[in-house]
Amino acid sequence: MSSATPLVFRPSVAQRAIAALLCAGSLMMGVRALVLLVQGLPRLLWAIRVAEAAHESTLILWVFVGAYVGACLAGGALLLLAVLGLLLIEGCHVLVDDLGIVVDFDSLPGPLARRIGAGRLSWKQVKDVEKHRFFFVITADPEAAKKPDCLRFLMVDQLERLMMIILERSPNMHPHG
């Protein structure tokens, strides 16, 4: 393998399609929650005014208003997470060459991509590869790197092949015992 022709690892078409379907489902759920809020909120506010005029308790009605707003906020949060996941999966490229490994998220702005885990490590800098909660994390050896750094990506096709290449080429890799 020459440094002029790196190996490129990307999520498969099926993985990207699943991410797109999850995003579309979250969008539909968020829109449905917003429609229910718009339809139900005027009736609830009217019921609250009627209960206040009759000097009755309005606590349960305010709980329903809070539940409506909470469902809408939860739908929006899930939609944001699904869109971020789709962008991370759709724009992810893991490049491997003779010099090292590069993780790139071309669908995100540069500073955000670097904060999430885009960057480059030489093979001498690679210390460890782990699966964290959502990401695969490639950490740098603090002595070999100028600053402690790590690369992150969600998923790629041919993950086993990528892991084998990382294990073979990284001289500072610490085996887990």
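Check the entry above for the structure.
Given the structure is predicted, the values throughout are model-derived calculations rather than measurements.

Reading the values: rules and limits
Residues numbered from 1 in each chain as written. Predicted model: local features only at pLDDT ≥ 70, side-chain atom pairs only at ≥ 80, totals over all residues. Heavy atoms only, no water. Helix = DSSP H or I, 4+ residues; strand = E, 2+ residues; numbered from the N terminus. Buried < 20%, exposed > 50% of the residue type's maximum accessible area, 1.4 Å probe, protein only. Polar contact = N/O pair within 3.5 Å; in protein donor to acceptor, adjacent residues only side chain to side chain. Expected span 1.5 Å × (residues − 1). Bend = angle between axes of the 7 residues up to and from the residue. Contact = heavy atoms within 4.5 Å. Phe/Tyr/Trp six-rings, centres within 6.5 Å; stacked < 30°, edge-to-face > 60°. Lys NZ or Arg CZ within 6 Å of the ring centre and 35° of its normal. Core = buried A, V, L, I, M, F, W, Y, C linked by side-chain atoms within 4.5 Å. Salt bridge = Lys/Arg side-chain N within 4 Å of Asp/Glu carboxyl O.

### Describing the environment of leucine 78
You can see leucine 78 is positioned in helix H2 (residues 59–90). Overall, leucine 78 belongs to the partly exposed group, its relative accessible area being 41%.

### Re the side chain of aspartate 97
Relative to the assigned elements, aspartate 97 resides in the loop between strand S2 (92–96) and strand S3 (100–105). Among the polar contacts made by the side chain of aspartate 97, one reaches the main-chain amide nitrogen of glycine 100 at a distance of 2.9 Å. Within the structure, the side chain of aspartate 97 is placed 3.3 Å from the side chain of arginine 120, a separation counted as a polar contact.

### Focus: helix H1 (residues 13–53)
In this model H1 runs 59 Å from its N-terminal to its C-terminal C-alpha over 41 residues, within 8% of the 60 Å that 1.5 Å per residue would give. Along its length, H1 reaches its greatest deviation from straightness, about 35°, at glycine 40, and the proline proline 42 lies no more than four positions downstream. Those residues of H1 not exposed but buried are Ala19, Cys23, Ser26, Gly30, Ala33, Leu37, Gly40, Leu44, Ile48 and Ala51. Against the buried residues of H1 lie H2.

### A few points about the packing of aromatic side chains
Per the counting criterion, the structure on display carries 1 aromatic pair. Geometrically, the ring pair formed by phenylalanine 136 and phenylalanine 153 is stacked, given 5.5 Å between the ring centres and 20° between the ring planes. Of the two residues, phenylalanine 136 sits in strand S6 (residues 136–140) while phenylalanine 153 sits in strand S7 (residues 150–153), which places them 17 residues apart along the sequence. Like phenylalanine 153, phenylalanine 136 is buried. Here lysine 131 stacks its cationic end above the ring of phenylalanine 136, 5.1 Å away from the centre of that ring.

### Comments concerning the nonpolar core
If you look at the biggest cluster of nonpolar residues, it comprises 33 residues, and the most contacted ones within it are Val94, Ile101, Phe105, Ile138, Phe153, Leu162 and Ile166. Here leucine 162 is in contact with Phe9, Val94, Val96, Ile101, Phe153 and Val156, once residues within four sequence places are set aside. Core analysis: the second largest hydrophobic core is formed by 5 residues, Ile48, Ala51, Leu61 and Val65 among them.

### Topic: the pattern of salt bridges
Tallied over the entire structure, the rule returns 4 salt bridges. One salt bridge connects aspartate 97 with arginine 120, and the closest N-O pair in it is separated by 3.3 Å. With aspartate 97 in the loop between S2 and S3 and arginine 120 in strand S4 (residues 119–122), this residue pair connects regions lying 23 residues apart in the sequence. When its relative accessible area of 41% is taken as the criterion, arginine 120 is described as partly exposed.

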